[in-house]
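# Coordinates in review
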Amino acid sequence: EDQVVNGHDEKENNPFAEYMWMENEEDFDRQVEEELQEQEFLDRCFQEMLEEEDQDWFIPSRDLPQGMGQLQQQLNGLSVGDSHSSEDILSKSNLNPDAKEFVPGVKY
């Protein structure tokens, strides 16, 4: 049987081995603090990047004058009326349906 002295086996070299991590506690605390500061810095940078990106986007409700919002709503409500049937428009058209498609910069 092993003899137990003060709650530790006699064979155990250092009875304080489980507490040895405390020897470098200040270094550990400093490392954790640096990691937290780095994370905080990255969060701030990311937030600034998002704010800059928001400024680049065109948001009508934010970027247009107050009266423009109503005008935009009115424009959204407009639609092209179907007062003329498509056949009626085609019969009055003087465009050539067999003409080649226009492509800018290409000579025929």
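Residues numbered from 1 in each chain as written. Predicted model: local features only at pLDDT ≥ 70, side-chain atom pairs only at ≥ 80, totals over all residues. Heavy atoms only, no water.

Below, the discussion takes up the overall build of the chain. Assigned secondary structure in the chain consists of four helices and two strands. Ordered by position from the N terminus, the helices and strands of the chain form the series β-β-α-α-α-α. The buried share of the chain, reckoned over its 108 residues, is 0%. Counting every atom, the chain has about 11200 Å² of accessible surface; 52% of that belongs to carbon and sulfur. (Helix = DSSP H or I, 4+ residues; strand = E, 2+ residues; numbered from the N terminus. Buried < 20%, exposed > 50% of the residue type's maximum accessible area, 1.4 Å probe, protein only. Areas by Shrake-Rupley, 256 points an atom, 1.4 Å probe, with all protein chains shown as cover.)

Right, let's get into the pattern of salt bridges. Per the counting criterion, the structure on display carries two salt bridges. Residue D27 pairs with R30 through a salt bridge whose shortest N-O separation is 2.5 Å. With D27 and R30 both in helix 1 (residues 25-56) and three residues apart, the pair spans about one turn of that helix. With relative accessibility at 42%, the residue D27 sits in the partly exposed group. By relative accessible area, which is 46% here, R30 ends up partly exposed. Where R44 meets E40, a salt bridge forms, and the shortest distance between an N and an O atom there is 3.2 Å. A residue pair is termed a helical-turn pair when its members lie 3 or 4 positions apart in one helix, as R44 and E40 do in helix 1 at four residues. (Salt bridge = Lys/Arg side-chain N within 4 Å of Asp/Glu carboxyl O.)

Right, let's get into a nonpolar patch on the surface. A surface patch of nonpolar side chains, amounting to about 580 Å² of accessible area, comprises F16, Y19, M20, W21 and M22. Topologically, M22 is positioned in the loop between strand 2 (8-9) and helix 1. Note on M22: relative accessible area 42%, which makes it partly exposed. (Patch = residues over 30% accessible without salt bridge, like charges linked within 9 Å, V, L, I, M, F, W, Y side chains within 5 Å.)

It is worth spelling out the confidence of the model for the chain at this point. Any region with low pLDDT has predicted coordinates that should not be read closely. Scored by pLDDT, the chain comes out at a mean of 77, with 75% of its residues at no less than 70. Mean pLDDT across the elements of the chain ranges from a minimum in strand 1 (residues 4-5), with 52, to a maximum in helix 1, with 91. (pLDDT = per-residue confidence, 0-100.)

Turning our attention to a negative patch on the surface. Among the surface-exposed residues, E25, E26, D29, E33, E34, E35 and E38 lie close enough to one another that they form a single negatively charged patch. Along the chain, E25 falls in helix 1. Its relative accessible area of 35% is what places E25 among the partly exposed residues. (Lys, Arg positive; Asp, Glu negative; His and termini not counted. Charge placed at Lys NZ, Arg CZ, Asp CG, Glu CD.)

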